[in-house]
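Understanding the architecture of this molecule
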Amino acid sequence: MLQTATANSQMPKRSIKKGAVALMTALSFSVLLAGCNNADNTVESTAEGGDKGQKVLRVATEGAYAPFNYTDAEGNLAGFDVDIANALCEKMQVKCDIEAQDWEGIIPGLKAKKYDAIIAAMSVTPERAQQVDFTDPYFTNSLVFIATKDSSFDPSNAQDINTKQIAAQRSTISSQWLESNYPKASIKMYDTLNNAFLDLESNRVDAMISDKLPALEWLSKNNTEFEIKGSDIEIDDNFAIAVRKQDALKQDINKALAAIKADGTYDRIKEKHFPMP
């Protein structure tokens with residue numbers, strides 16, 4: 001549901017005194033006060049020349065999953081998901097209000113109506129689809145394993161996966177895939193992907209499983225001693241935008257998503273954040 005950024009003032013109750021003069025005075029004062037309250041509480045559009053009372057789309061993202069979403073050096077949310085959210089809001093002619101939310105609380109927050117949509121590199125899964133509705137996909141993901149270059153770790157060998165300690169972010173498609181396919185594996189779970197990378201870098205784990213693009217982002221900026229091991233893991237993993245069950249907002253977002261794909265906006269955003277082939 002879209003919210004309107006206009007506060008409703010409440011006209012004060014007043015008793016009517018005897019006599020027509022008292023009645024007219026009371027009514028005039030009430031009208032004047034109501035007019036003042038409406039003027040004070042109206043929020044204007046942030047866009048220059050925008051209409052008062054512009055609708056707001058409240059979007060949640062994790063803010064800790066580069067290059068999809070992260071907090072930059074100035075403390076601002078940035079990344080592919082953030083740019084996609086802003087492009088969708090522009091097409092829908094609404095104001096974007098994007099906030100960071102811890103991953104494990106992101107679906108409960110949506111259901112509690114803290115925000116209207118989740119744009120946070122969220123994979124579509126049957127379990128999540130029981131709790132939220134998903135829009136059309138806006139990205140297809142694959143998984144990879146990472147380890148040190150001098151490591152003999154080979155993910156094509158099930159014994160290597162089952163005997164090594166492997167890092168993964170909790171409640172993600174990566175950890176779920178690993179738990180499902182290798183129930184004997186020793187998995188060390190982390191609340192954020194960054195914390196998993198930190199333990200990998202500190203050699204507290206033998207290897208790590210991650211979405212491919214965050215792994216490439218980390219490798220390109222931080223480490224020359226690590227590499228992707230084995231082939232990409234293709235699991236038909238699609239990212240989509242989550243909204244509350246039976247929310248008409250789903251159709252509005254799908255229409256805007258199709259529009260930014262048709263006019264080239266989506267491709268420009270993708271190239272900006274994912275220049276690698």
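Predicted model, so just to flag it, every value in this text is computed and none were measured. Each chain has its residues counted from 1, running along the sequence as written. Only residues with pLDDT of 70 or above have their local features reported here, since the model is predicted, and side-chain atom pairs are shown and tallied only from 80 upward, although totals for entire chains, interfaces and linings are computed over all residues. Note that water and hydrogens are dropped before the side-chain values are worked out from all heavy atoms of the structure.

**Considering the packing of aromatic side chains**
Planes of paired rings set the category: under 30 degrees apart is stacked, over 60 is edge-to-face and the rest tilted, where pairs are Phe, Tyr or Trp rings (Trp by its six-membered ring) whose centres lie within 6.5 Å. Scanning the model with the defined rule gives 16 aromatic pairs in all. Here F197 and W218 contribute two aromatic rings whose centre-to-centre distance is 4.6 Å and whose plane-to-plane angle is 5°, an arrangement assigned as stacked. Linking F197 in helix α7 (residues 193-201) with W218 in helix α8 (residues 212-221), this pair joins segments that are 21 residues apart in sequence. For every residue, the accessible area (1.4 Å probe, protein chains only) is compared with the maximum for its type, and the residue is labelled buried under 20%, exposed over 50%, or partly exposed between those bounds. Overall, the relative accessible area of 4% leaves F197 in the buried class. To qualify as a helix, a DSSP run of H or I must reach at least 4 residues; to qualify as a strand, a run of E must reach at least 2; elements of each kind are numbered from the N terminus.

**Regarding the sheet that holds strand β5 (residues 77-78)**
By definition, two strands form a pair when at least two bridges between them are found by DSSP. Strand order in the open sheet formed by three strands is β3-β4-β5, and the pairing between neighbours is antiparallel. In this open sheet, the two strands that pair with only one neighbour each are β3 (64-65) and β5. Here strand β4 (residues 69-71) pairs with β5 via two bridges, running antiparallel. What sits directly across from Y70, in β5, is A78.

**Quick look at the pattern of salt bridges**
A side-chain nitrogen of Lys or Arg and a carboxyl oxygen of Asp or Glu constitute a salt bridge if their distance falls within 4 Å. Across all of its chains, the model carries 11 salt bridges by this definition. Where D232 meets K212, a salt bridge forms, and the shortest distance between an N and an O atom there is 2.7 Å. Within this pair, whereas D232 is found in strand β13 (residues 226-239), its partner K212 is found in helix α8, the two being separated by 20 residues in sequence. Salt bridges sharing partners connect three or more residues here, namely R58, D116 and R244.

Nothing here speaks to function; it is geometry throughout.
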